[in-house]
Amino acid sequence: MATKKQVEDFIKRVAPIAQRKASSRDKWSLPSVCIAQCCCESAYGTSPKMIAANAILGIKVGKNKVHFGKAWKDKAYSTKTKECYDGKTFVNITDMFRAYDSISDAIEDYYDMLASCSRYNGCINQPNPQICITAIKNGGYSTDPLYINKIMSIVSKYNLTQYDSIVTGNKTQNGEDIMSVRIGHASISEKGTTNGAKGDQTGKEVCIRTWYSRPWDYMAVHPDAAVREKHAEAVEAACANNNIGYGQNDRNTLNTLAKAVGYDLSKVGKCNCDCSSLQNVAAVASGAPGAVYGSNGWTTATMKTALQKLGYKIITDHTYLASAAYCVRSAVYVKASSHTVCGLDNGTSYKKRWKKQVLRHLEKMKVCLA
């Protein structure tokens, strides 16, 4: 049995990795559940064979030796384990389990597996730990009939939900919850890739989710409150319209159809966009003076220059990028050459902090935060 110090040290070791790997994804699963599973599967890092193989999540090789991503490099080890196929009786078997070059790779492969296997869909972007682990268990991760209770017991005992705010946007400070802030974005195709059929096949290709830190390089805020509101409304309309899907090869089809209906994104037919083309179309829909959609639209690499030309205030201070509390409705968050989203709610501290530390800069541009 692991000692108190072993437990504490193990959680301290895996928690930041679980957070980092989860927060870098559009299709995430809760860090709290991942950490608890690491604890359960590896006996808090005290299983010599599992630690030697960095196999802290007990993922089997599988008959087809599927590569969910790039983290697993075909290494494996054989060991005895117990399975409960009938829900009552445990039997001893010997099976092959995945071995990894590092614990980081093991956790990455875990998230890759959950995101790419449809049987685990119920855990994706699910902010409730109980629902999350239930979906994972029912998807075939474990045959132990008590697995859900075991994982939730670990989550509760060690307050592991404190690590979830990085993906859920729900922060806790001094025991007080900070409200959840939503973002709208074009995420990923129905295939889990950068291209797919026109339209949102899963309801998650172009969608609303809780705020998270990518981390972001900057956020952009337009000086006109009316423009900001129209931008946010356009993104919300796109997320609610399942005719709009994700695809990079035909990313410009959203603008083509949006233009035909006066940029009312609720009326757009079957088309695709990607994260940056969606924000470009929303900017045009907002009526921001000078906003146009060029021959190939914005990209996350070119957005900063385009936004500055339109008069957006660019905020790079990490304080305002790392927490949902400082989100301004319609703020465009950008990670260059990676991703962009639109904030859909004002954070709890957006007025207080912005007025104290940022408003002096925005006032020069006549920015109104009301």
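For the structure itself, look to the data block above.
A closer look at the overall build of the protein chain
When helices and strands are tallied, the protein chain shows 13 helices and 12 strands. Taking 21 Å as the expected radius of gyration for a compact globule of 370 residues, we find that the protein chain reaches 22 Å, a close match to that expectation. In terms of principal-axis extent, the alpha carbons of the protein chain reach across some 70 × 45 × 35 Å. For the protein chain, buried positions account for 53% of its 370 residues.

Description of helix α2 (residues 31–42)
Given a rise of 1.5 Å per residue, 12 residues ought to cover 16 Å, and the 16 Å separating the end C-alpha atoms of α2 matches this to within 8%. For α2, the tally of buried residues reaches 10 of 12 residues, placing the bulk of the element in the interior. Listing the buried residues of α2 in full gives Pro 31, Ser 32, Val 33, Cys 34, Ile 35, Ala 36, Gln 37, Cys 38, Cys 39 and Ser 42. The secondary structure elements touched by the buried residues of α2 are α1 (4–23), α3 (48–52), α4 (103–116), α5 (129–141), α6 (147–157) and α7 (165–168).

Some remarks on the pairing of strand β6 (residues 206–210)
Burial of β6 is extensive: 4 of the 5 residues sit out of reach of the surface. One ladder, built from 5 bridges, connects strand β5 (residues 182–186) with β6; its direction is antiparallel. If you follow Arg 182 over to β6, its bridge partner there is Thr 210.

Quick look at α4
The terminal C-alpha atoms of α4, which comprises 14 residues, lie 20 Å apart, in line with the 20 Å expected from a rise of 1.5 Å per residue. Across the 14 residues of α4, 12 count as buried, placing the element largely inside the fold. Listed in full, the buried residues belonging to α4 are Ile 103, Ser 104, Asp 105, Ala 106, Ile 107, Asp 109, Tyr 110, Tyr 111, Asp 112, Met 113, Leu 114 and Ala 115. In this structure, the buried side of α4 is in contact with α1, α2, β2 (91–98) and α5.

Here we look at the packing of aromatic side chains
According to the stated counting rule, one finds 9 aromatic pairs in the structure shown. With centroids separated by 5.8 Å and ring planes inclined at 45°, the aromatic side chains of Trp 216 and Tyr 333 adopt a geometry described as tilted. One end of the pair, Trp 216, is in the loop between β6 and β7 (218–221); the other, Tyr 333, is in strand β11 (residues 332–335), with 117 residues separating them in the sequence. Here Trp 216 matches Tyr 333 in class, with each residue buried. A connected cluster of aromatic rings, assembled from ring pairs, spans Tyr 110, Tyr 111, Tyr 141 and Tyr 147. Geometry around Trp 72 places Arg 98 over its ring, the cationic atom sitting 4.0 Å from the centre. Against the face of Tyr 218 rests Lys 304, its NZ or CZ located 5.5 Å from the ring centre.

Re the pattern of salt bridges
Here the structure, examined in full by the defined rule, presents 18 salt bridges. Residues Glu 236 and Arg 182 are paired through a salt bridge, measuring 3.3 Å at the closest nitrogen-oxygen approach. Here Glu 236 is found in helix α8 (residues 225–240), whereas its partner Arg 182 is found in strand β5, with 54 residues between them in sequence. Taking the shortest distance from any N to any O, the salt bridge between Glu 229 and Arg 329 comes out at 2.8 Å.

Some points on the nonpolar core
Core analysis: the largest hydrophobic core is formed by 51 residues, its most contacted members being Ile 35, Ile 56, Ile 107, Tyr 110, Ile 136 and Tyr 141. Broken down by secondary-structure element, the contributors of at least two residues to this core are α1, α2, α4, α5 and α6. Dropping the residues within four chain positions of it, Tyr 141 is found in contact with Gln 37, Glu 41, Leu 57, Ile 59, Tyr 110, Met 113, Tyr 120, Ile 136 and Tyr 147. Within the second largest apolar cluster, 39 residues are counted, among which are Ala 258, Ala 288, Ala 291 and Leu 307.

Rules behind the numbers
Residues numbered from 1 in each chain as written. Predicted model: local features only at pLDDT ≥ 70, side-chain atom pairs only at ≥ 80, totals over all residues. Heavy atoms only, no water. Helix = DSSP H or I, 4+ residues; strand = E, 2+ residues; numbered from the N terminus. Rg over C-alpha atoms; globule rule 2.2 N^0.38 Å. Buried < 20%, exposed > 50% of the residue type's maximum accessible area, 1.4 Å probe, protein only. Expected span 1.5 Å × (residues − 1). Contact = heavy atoms within 4.5 Å. Pairing = 2+ DSSP bridges. Phe/Tyr/Trp six-rings, centres within 6.5 Å; stacked < 30°, edge-to-face > 60°. Lys NZ or Arg CZ within 6 Å of the ring centre and 35° of its normal. Salt bridge = Lys/Arg side-chain N within 4 Å of Asp/Glu carboxyl O. Core = buried A, V, L, I, M, F, W, Y, C linked by side-chain atoms within 4.5 Å.

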